[in-house]
Amino acid sequence: MDGRRFVIELTMGELHAYLPSKEAWEREAPEWARDHWDRVHEDLATWCRGQSMPLSVEDRAWVSFE
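Residues numbered from 1 in each chain as written. Predicted model: local features only at pLDDT ≥ 70, side-chain atom pairs only at ≥ 80, totals over all residues. Heavy atoms only, no water.

Asker: What exactly am I supposed to notice about the pattern of salt bridges here?
Answerer: A side chain of one charge can pair with a side chain of the opposite charge when the charged atoms of the two come close. Tallying each qualifying case throughout the model produces 3 salt bridges. In this structure, arginine 5 engages glutamate 66 in a salt bridge whose closest nitrogen and oxygen atoms are separated by 3.1 Å. Taken together, the residues arginine 5 in the segment before β1 (6-11) and glutamate 66 in the segment after β4 (63-65) connect sequence positions 61 residues apart. Across the pair arginine 27 and glutamate 28 runs a salt bridge, and its minimum N-O distance is 3.9 Å. The same class applies to arginine 27 and to glutamate 28, which are both exposed. (Salt bridge = Lys/Arg side-chain N within 4 Å of Asp/Glu carboxyl O. Helix = DSSP H or I, 4+ residues; strand = E, 2+ residues; numbered from the N terminus. Buried < 20%, exposed > 50% of the residue type's maximum accessible area, 1.4 Å probe, protein only.)

Quick look at the structure:
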């Protein structure tokens, strides 16, 4: 994302992507990522649909910002 990276949770076996809720993202994200949840959600949802993979938005979903 704009030269920066983050990692989200993706289960193996039966692929499933998880994204923190907008509130959890904004609470945990560094300044450079804080306002980008909508963009990330839209792009990830599009990618997941193309992969026939479910996407869940959950407060406890894991994300690591690099």
